[in-house]
Amino acid sequence: MQVFSALLPFGKKKKGLAQLQTDVMLLVLFAAVTAAGFFMLRGKASSFSPDNPFSQKVQKFAEQIRYGKKTVDSLPEGQFRGLGNLKLTDEAALKVTMEHPDSLYLRGFVGSIYTEDGWKQQDADEIYDKKDLFYWLHKENVSGLQQLTALYQLENPADDDTGNMTVTTIGASRKYAYVPYELSTLPDTLENVRSFGDDRLIPEGFRPQKTISFPVHSNLIRKYPQIASVYYQDSGYGAFAEYKKCENSYNAYVYDQYLQVPDSLKQMLTKVLASDSDEKDSENVTSHISYEEANTRITGYLNENITYTEEIDPKNTDASGEDQKTDAKTGNFVTDFLMTEKKGYSVHYASAAVLMYRCFGIPARYVEGYLVTPEMAENAQDDGTIYVTGKEAMHGGIYQDGIGWIPMEVTPPYLDKMDARISRRFPGREHKIRELLSRRTQQNRSKMKSRQSRKPGKDRKQLPVRKILIVVILFADTGTDPVDRLSDFKIPQKMERKESGDVFERCLTGDPKLLCTAKVLAYVRRSPDKGRL
């Protein structure tokens, strides 16, 4: 079935005869390799598994036929078995041309499901089950691939800082469409690519084209704190209300898909990230700790306990390629990295950070791709062309409520390679206030439920006798009009301010802001009909 689906693009696009013949020959070779691998494994039913080393070698060879061989880096595409030293080159991986050159993160492989030895992409069946959700969201101009841009354009309709971007693969794999977080159109409108769920774009055809084009906005990652601040302030009004309705649906999907952490690993991560405030915070009913605190605790732990190095000892393997576990190693990539080896590079840092964010209740996923740095953008050619080398970026992408997916960089050499603020800054006060209000709301709800569950006659509070006496004095007929008495009331030069919040006592001690309250009370006493609410 996959063979026929791969042949469909040939009917749509009029290719040259020579190109068509080449594609057919490669397709036949691909089928032959796949069939050979199948028959070689038939005698070993237990070995016929995607996780089997031989199966992976057959798959890798077949993908090289289809997508071309990578020559410029050692991007593992989420497969960490037998991972060795980091190999980087200065050869071109991508040719990027922009109308308005700017620094960008280009996403390629996106890992959603953690295994003991790497990351897998999102399950196809799960994506198919959510096809109706994605269809509805796209109809409303909301997609996880361009959500940040859509929100920014909603906030700034007059800002048209968009331009065309062309990406040509040179030494990188053509398996992925390398797009930034600032994509400014729905993926369904693009040519030569198709969206797969809402986490990645896939080039079309058995032999995907090397060049794809799409409209992008200038760098929005460094602006996202301001974007978040405006949204949190205006989310209940006008077009923001419609966007919020869509985001709530996508938000529920994200929280359902991107919080998976194996139980044994979660126990270890919870222990190493423990804080004295955790027990106190657990009393509050909240979805997760603040983004600022999570970022601080994750980067703090990695910086204090892990050594960055591109030279690591490759795992020991036997003749079949299976890992030989030592007494010190558990076979779990992240566990061995944090507890045994305590050294590594971007693959290790990004994987650990993603799982740590998830432990804190923040949806996250593992991303491999490339960087267009500010320096590269500044030195772009006259036509906006930039050659991106094999200096890859592997980072954690987290989902911020209401805003969308944003990169979170924790690997030391990359912290300042982009805008230094990107890896450290969150929408500060506004979001903190939002979370604080949410916590207080939950606390108040808990208190109300507690009070409602109490039996009548128990835990009754004493009547505020002093307040009642003060009201009686104000309302009493003593021959003098209450309003006249209050108008003659002189405020002492040194006022006694009580912080208890007792309104009536503060009136009598000379709080000028609350004298009006007492006057209203007196007016109600004198004219009850006019004072009714």
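What to know about the pattern of salt bridges
Here is step 1 of the chain: In the structure shown here, the tally under the stated rule is six salt bridges.
Here is step 2 of the chain: Across the salt bridge formed by Lys-175 and Glu-77, the nearest N and O atoms sit 3.9 Å from each other. Of this pair, Lys-175 sits in the loop between strand 5 (162–169) and strand 6 (179–180) while Glu-77 sits in the loop between helix 3 (53–67) and strand 1 (92–98), and the two are 98 residues apart along the sequence.
Here is step 3 of the chain: Residues Arg-200 and Asp-199 are paired through a salt bridge, measuring 3.1 Å at the closest nitrogen-oxygen approach. Just as Arg-200 is buried, Asp-199 falls in that class too.

A short note on the packing of aromatic side chains
Given two aromatic rings, one states the distance between the centres and the angle between the planes to describe the pair.
Here is step 1 of the chain: The final tally for this structure, using the stated rule, is 19 aromatic pairs.
Here is step 2 of the chain: Here Tyr-231 and Tyr-232 contribute two aromatic rings whose centre-to-centre distance is 5.8 Å and whose plane-to-plane angle is 55°, an arrangement assigned as tilted.
Here is step 3 of the chain: What makes Tyr-231 buried here is its relative accessible area of 4%.
Here is step 4 of the chain: Judged by centre distance (5.5 Å) and plane angle (85°), the rings of Tyr-231 and Tyr-243 are edge-to-face. Taken together, the residues Tyr-231 in helix 7 (residues 224–234) and Tyr-243 in helix 8 (residues 238–257) connect sequence positions twelve residues apart. Assigned by exposure class, Tyr-231 and Tyr-243 land together as buried.
Here is step 5 of the chain: Ring pairs connect the aromatic residues Phe-80, Phe-109, Tyr-114, Trp-119, Tyr-176, Tyr-178, Phe-333, Tyr-366 and Tyr-370, which therefore count as one cluster.

Overview of the side chain of Arg-200
Here is step 1 of the chain: Within the element layout of this structure, Arg-200 appears in strand 8 (residues 200–203).
Here is step 2 of the chain: Dropping the residues within four chain positions of it, Arg-200 is found in contact with Gln-121, Gln-122, Leu-145, Arg-194 and Ser-195.

Thoughts on the sheet that holds strand 9 (residues 211–217)
Here is step 1 of the chain: If you walk across this open sheet you meet the four strands as 9-5-1-13, and the pairing is antiparallel. The sheet terminates laterally at strand 9 and strand 13 (385–389), the two strands that pair on one side only. Going across the sheet, the axis of each strand differs from the next one's by a mean of 25°, ignoring polarity.
Here is step 2 of the chain: With seven bridges joining them, strand 5 and strand 9 adopt antiparallel strand pairing. Within strand 9, the residue paired with Asn-164 across the bridge is Pro-215.

So, the pairing of strand 7 (residues 193–196)
Here is step 1 of the chain: Where strand 7 and strand 8 come together, four bridges link them in antiparallel fashion. Within strand 8, the position partnered with Phe-196 by the bridge is Arg-200.
Here is step 2 of the chain: The hairpin turn running from strand 7 into strand 8, its antiparallel successor, is three residues long, and Gly-197 in that turn takes a positive phi close to 70°.

Side note on the nonpolar core
Here is step 1 of the chain: Counting residues in hydrophobic clusters, the biggest one holds 104 residues, and the most contacted among them are Leu-94 and Leu-338.
Here is step 2 of the chain: In terms of residue count, the dominant contributor to this core is helix 13 (residues 346–359) (ten residues).
Here is step 3 of the chain: Residue contacts for Leu-338: discarding those within four places in its chain leaves Met-268, Leu-269, Tyr-301, Leu-302, Ile-306, Ala-352 and Met-356.

Concerning the packing of helix 6 (residues 147–155) against helix 8
Here is step 1 of the chain: The N-to-C vectors of helix 6 and helix 8 enclose an angle of 165°; their axes lie 11 Å apart at closest approach. Compared by their axis directions, helix 6 and helix 8 come out roughly antiparallel. In this structure, helix 6 crosses over helix 8, and the sense of that crossing is left-handed. Residue-level inspection shows Gln-147, Leu-151, Leu-154 and Glu-155 of helix 6 in contact with helix 8, the latter providing Ala-239, Phe-240, Tyr-243, Glu-247 and Tyr-250.

Thoughts on unusual backbone geometry
Here is step 1 of the chain: In the Ramachandran plot, Glu-77 falls in the positive-phi region, its phi being about 55° despite a non-glycine side chain.
Here is step 2 of the chain: What makes Glu-77 buried here is its relative accessible area of 16%.
Here is step 3 of the chain: Within the chain, Lys-342 stands out as a residue other than glycine whose phi angle is a positive 55°.

Topic: the pairing of strand 5
Here is step 1 of the chain: As paired strands, strand 1 and strand 5 are joined by five bridges and run antiparallel to one another. If you follow Leu-94 over to strand 5, its bridge partner there is Thr-169.

Description of helix 12 (residues 333–341)
Here is step 1 of the chain: Within helix 12, burial applies to Phe-333, Val-334, Thr-335, Asp-336, Phe-337 and Leu-338.
Here is step 2 of the chain: Next to the buried residues of helix 12 lie strand 3 (113–115), helix 9 (263–272), helix 11 (291–305), strand 11 (343–344) and helix 13.
Here is step 3 of the chain: By the N-cap criterion, in which a side-chain oxygen at the helix start approaches the backbone nitrogen of a residue two or three places on, helix 12 is capped by Asn-332, the distance to Val-334 being 3.2 Å.
Here is step 4 of the chain: After helix 12 finishes, the residue Lys-342 shows a positive phi value of roughly 55°.

Calculation notes
- Residues numbered from 1 in each chain as written.
- Predicted model: local features only at pLDDT ≥ 70, side-chain atom pairs only at ≥ 80, totals over all residues.
- Heavy atoms only, no water.
- Salt bridge = Lys/Arg side-chain N within 4 Å of Asp/Glu carboxyl O.
- Helix = DSSP H or I, 4+ residues; strand = E, 2+ residues; numbered from the N terminus.
- Buried < 20%, exposed > 50% of the residue type's maximum accessible area, 1.4 Å probe, protein only.
- Phe/Tyr/Trp six-rings, centres within 6.5 Å; stacked < 30°, edge-to-face > 60°.
- Contact = heavy atoms within 4.5 Å.
- Pairing = 2+ DSSP bridges.
- Axes fitted to C-alpha atoms, helices over the stretch in contact; angles between N-to-C directions.
- Core = buried A, V, L, I, M, F, W, Y, C linked by side-chain atoms within 4.5 Å.
- Parallel < 35°, antiparallel > 145°, perpendicular 65-115°, else oblique.
- Left-handed = near helix turned anticlockwise from the far one by under 90°.
- Polar contact = N/O pair within 3.5 Å; in protein donor to acceptor, adjacent residues only side chain to side chain.

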